[in-house]
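This is what each chain is made of:
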Amino acid sequence: MNLDRLLQCHSRLASLLGERAEPVEATKNVERHRWFWRPGQPRLILLAESHVHTTAPEATCLVRSSDLPGGIPTEFVRLVYCLGYGESGLLDRQAVGKNTGTPQFWQILASCLRTVNSRYDFRDIQSSQTRNLKHRVDNKIRVLERLQAEGIWLVDASIAALYRPGLPKPVASLRRCLVRESWDTYVAQVLTDVAHRRFCVSA
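Please read all numbers here as calculations on a predicted model, not as lab measurements. (Residues numbered from 1 in each chain as written. Predicted model: local features only at pLDDT ≥ 70, side-chain atom pairs only at ≥ 80, totals over all residues. Heavy atoms only, no water.)

**Examining the nonpolar core**
One broad trend across soluble globular proteins is that nonpolar side chains are buried collectively. Condition: Only buried Ala, Val, Leu, Ile, Met, Phe, Trp, Tyr and Cys residues count toward a nonpolar core, and they belong to the same one when joined by side-chain atoms within 4.5 Å. Summary of the burial criterion: residues with accessible area below 20% of their type's maximum are buried, those above 50% are exposed, and those between are partly exposed, where the area comes from a 1.4 Å probe applied to protein chains only. Where helices and strands are cited, they refer to DSSP runs of H or I of at least four residues and of E of at least two residues respectively, numbered from the N terminus. Whether two residues are in contact is decided by their heavy atoms: any pair within 4.5 Å suffices.
Ranked by size, the top nonpolar core spans 55 residues in total, and within it L83, W106, L109 and L144 carry the most contacts. Of all elements in the fold, only α1 (3-17), β1 (44-48), α4 (103-111), α5 (133-150), β2 (152-156) and α6 (172-192) reach the threshold of two or more residues within this core. Among residues more than four places away in sequence, those in contact with L83 are L68, I72, L90, W106, K140, I141 and L144.

**A short note on α1**
What counts, and what does not: One less than the residue count of a helix, multiplied by 1.5 Å, gives the span that helix is expected to have. Taking the helix axis as origin, the arc is that swept by the directions to the C-beta atoms.
For α1, which comprises 15 residues, the first-to-last C-alpha distance of 20 Å matches the rise-based estimate of 21 Å (1.5 Å per residue) to within 8%. Of the residues making up α1, those classed as buried are L6, C9, H10, L13, A14 and L17. Angularly, the buried residues of α1 cover 135° about the axis, an arc narrow enough to put them on a single face. Turned more than 90 degrees from where α1 packs its buried face, D4 and S15 sit exposed. Its buried side turned inward, α1 meets α2 (24-36) and α6.

**Some words on the side chain of N139**
Relative to the helices and strands, N139 is located in helix α5. Using a relative accessible area of 7% as the deciding quantity, one classes N139 as buried. Aside from chain neighbours lying at most four places away, what touches N139 is D124 and I125.

**Focus: α6**
The cut-off we apply is this: Two axes are fitted around each residue, one to the seven residues ending there and one to the seven starting there, and the angle between them is reported as the bend at that residue.
A bend of about 60° at W183 is the largest found in α6. Every buried residue of α6 is listed here: L178, S182, T185, Y186, V187, V190 and L191.

**A look at the pattern of salt bridges**
Definition in use: Only one rule defines a salt bridge in this text: a Lys or Arg side-chain nitrogen within 4 Å of an Asp or Glu carboxyl oxygen.
The full count for this structure, using the stated rule, is twelve salt bridges. A salt bridge links R12 to E181; the shortest N-O distance between them is 3.1 Å. Residue R12 is found in helix α1, and its partner E181 is found in helix α6; the two are separated by 169 residues along the sequence. Since its relative accessible area comes to 22%, E181 is described here as partly exposed. Residues R34 and D156 are paired through a salt bridge, measuring 2.9 Å at the closest nitrogen-oxygen approach.

**So, the side chain of T185**
Locating T185 in the fold gives a position in helix α6. If near-sequence neighbours (up to four positions away) are discounted, T185 is found in contact with R5, Q8, C9 and R12.

What follows is the structure, given as structure tokens:
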């Protein structure tokens, strides 16, 4: 992770977003989680639009490290790579606002590793079907570990969150501008390192 380039990109996007911008610590924490799970040799990139906005109070929440293998980042952010996102039982205190996570992204990630015939095939990682928190989180960790081993990595086109729960997205013209600025300032350089690999796009 190139921190200087990330901070430069955050500054530019924050000037476009104004009061809707995430705190810079949240942006850095999102990348910490993403880069922790980066494969040594990425071969397949899943490209999404952005993560979900993490507020300043939420960014002070931590995932209890005693519940995780050593080394996994513990800062709470609304990104699928953060094991506390969608799992409030893992947090040191209640995150501000609802913490439902993005189960659809867990389905996308798991689908990269297994044959899927129905939604029931995701029962091991979905809170609606697997009530035991430890069992569910252990299964999620195994999914992330297998993705890493298989060289599959999730990257956002925009380092700025384009969705904040309870608010409409920025208008389309601003979203396009944010994605373009993010791509030109930071994301394209990240992908340049794996440009010779195969890409898969996911909305």
